[in-house]
Amino acid sequence: MPKVELHLHLEGAIPLDAMWELVSRHGGDPEIRGPEALAKRFEFTDFAHFISVWEWKLRFHDTLDDYAFLAAAVAADLRRQGHSYVEAFVSPTDSPLDPAEMLRAVRSGLEEVDGIEIALIPDLVRDTGPELAMRTLDAVIGVAEEAGVIGITIGGSEQHHPPEQFAPVYRRAREAGLRLTAHAGEAAGPESVRRAIEDLGVDRIGHGVRAVEDWALLRELVDRQIPLEVCPTSNVRTKVAPSLPDHPIRTLIDEGAFVTLNTDDPAMFGCTLAGEYAAVQSLGYDDETMRLLSENAIDASWASPSRKRQLHVDLASWWQGQLRPPVASSP
C-alpha cells in the first residue's frame, strides 16, 4: 500500500544499523556491542523510561553530519517500506546545534533519497520550557521554507508540562503560517487533550487516546472530526495501554473518531506502519475500515490540495486491486 504517515520522529526512526554507525562514530557505549544490543536497550518499562532512553540516545547524534546521515537513512528505510508521503517530527531543542543549521542538515539528508516526500514538523519539546521553545520557533520560522517545515508540535513529558504553558508559542506559529499539532492524551489524561484544543488551537492531536476517559471530550472530538495521530504499538510499549486488544483505538474507531495510524518511533518500538495496519485489522475490522483509516491519513495531512488528490488516486488504485471480487471460473 502507498503509505502516508503523520506522526513519526526522525530520531526515533533511525534504522538499527544506522544507529549503530552513529554510536560507533561517537566512541561507542560499553553496554552496546552491536545492533542487537541496541534493540534490547529499546525495551521500556513505562513512558518515563522511554524518555530516559531517548535522552541517552541524543549523545550519538549531535553534529550536522550526524543529522544529515540519520535523515537519509530514515528516508531510505521509509521508501523501502512503501511510504509515499510523511510528516516527520525532528527535535531541534534536543540538539546543541543551531536550530536553523540543524534543520538545513536534515533537509540535505532527506534530499539524498528520491521517491518519497518528507515534510518537517519541529518538536519544540515541552521539557525544555516555553522560553526556549519560543526562541527555537523564531529560528524555525526563518528557515521554514528552505527546510520544508510545515508545522510544529510539542512532545516530551506531557504529564509535567501542560499544554497551556505553550499558548504564546502556538499563537506565534499560527501567525507565521505554520500548522499546529501537539502530543496530548498519552502520558497525561483527557484534560491534556482539552487544553491542547482550547489553549493551543491545534489542527490535530498527537496520540489523544486517553480522550476515551472523558465521554464529553470524546464526543467533541467525534463531532468536530479533529484528527488523531494514533500510535498503537508505541502506546503498548510505553505502557500507556496494557495490550493491543485493550487499546483505546477500538473505542475511537467504533465511536467515529477521525483516526490515523502511525508508528511514532518505529526503530525504538520495533514496529512498521504496515504492521500497525495489520495489528488493528487483527482486532476484527474489515477491509473497508482499513481503507478508511488509510484515506484518513491523506485527508488529515497538511499536503497541498494537488498532492492530496494524487495520493488519493494512488491509494484508490491500490485498494481497487485489493478489493476486486474474484474472477468467476469458467464452467
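Check the entry above for the structure.
Residues numbered from 1 in each chain as written. Predicted model: local features only at pLDDT ≥ 70, side-chain atom pairs only at ≥ 80, totals over all residues. Heavy atoms only, no water.

Asks: Help me understand the overall build of the protein, please; the structure alone is not making it clear to me.
Replies: A count of helical and extended segments in the protein gives 15 helices and 8 strands. Here the C-alpha atoms of the protein give a radius of gyration of 19 Å, agreeing with the 20 Å that 2.2 N^0.38 yields for 331 residues. Taken along its principal axes, the extent of the C-alpha atoms in the protein is 70 × 45 × 40 Å. Across the 331 residues in the protein, those meeting the buried criterion constitute 56%. Look at the contacts in the protein between residues 6 or more apart in sequence, and 75% of them connect residues 24 or more apart. (Helix = DSSP H or I, 4+ residues; strand = E, 2+ residues; numbered from the N terminus. Rg over C-alpha atoms; globule rule 2.2 N^0.38 Å. Buried < 20%, exposed > 50% of the residue type's maximum accessible area, 1.4 Å probe, protein only. Contact = heavy atoms within 4.5 Å.)

Asks: Where do I start with the sheet that holds strand β1 (residues 3-9) in this structure?
Replies: Strand pairing within a sheet occurs via backbone hydrogen bonds; the two strands may be parallel or antiparallel. Across the sheet, 3 strands lie side by side as β1-β2-β3; this open sheet has parallel pairing. Only two strands of the sheet have a single partner each, and these edge strands are β1 and β3 (117-122). Within this sheet the neighbouring strands show an average axis-to-axis angle of 15°, counted without direction. Bridge count for β1 against strand β2 (residues 83-90) is 5 bridges, and the pairing is parallel. Opposite K3, over in β2, you have H83 as the bridge partner. (Pairing = 2+ DSSP bridges. Axes fitted to C-alpha atoms, helices over the stretch in contact; angles between N-to-C directions.)

Asks: Can you walk me through the side chain of K3 in this structure?
Replies: Inspection of the secondary structure puts K3 in strand β1. Among the polar contacts listed, one links the side chain of K3 to the backbone oxygen of Q81, at a separation of 2.8 Å. Residues within four places of K3 in sequence aside, it is in contact with Q81, G82, H83, S84, Y85, L273 and A274. (Polar contact = N/O pair within 3.5 Å; in protein donor to acceptor, adjacent residues only side chain to side chain.)

Asks: Looking at this structure, I do not really get the pairing of strand β5 (residues 179-184). What am I missing?
Replies: Along any regular strand, the residues point their side chains to alternate faces of the sheet. The element β5 is extensively covered by neighbouring structure, given that 5 of its 6 residues are classed as buried. For strand β4 (residues 151-152) and β5, the ladder comprises 2 bridges, and the chain directions are parallel. Counterpart to I152 in the pairing with β5 is L180. Of the pairings in the sheet, the one linking β5 to strand β6 (residues 204-207) comprises 4 bridges and is parallel in character. Its bridge partner lying in β6, A184 is registered against H207.

Asks: It is not clear to me how the sheet that holds strand β7 (residues 228-230) should be interpreted in this structure. Could you clarify?
Replies: Spatial ordering of the open sheet is given by β4-β5-β6-β7-β8, a layout of 5 strands whose pairing is parallel. Of all the strands in the sheet, the pair left with one neighbour each is β4 and β8 (259-261). Pairing analysis gives 3 bridges linking β7 to β8, with the strands arranged parallel. Paired with V230 across the strands is L261, a residue of β8. Sitting on the sheet, helix α14 (residues 287-300) is in contact with β6 and β8, with an inclination near 95° to β8.

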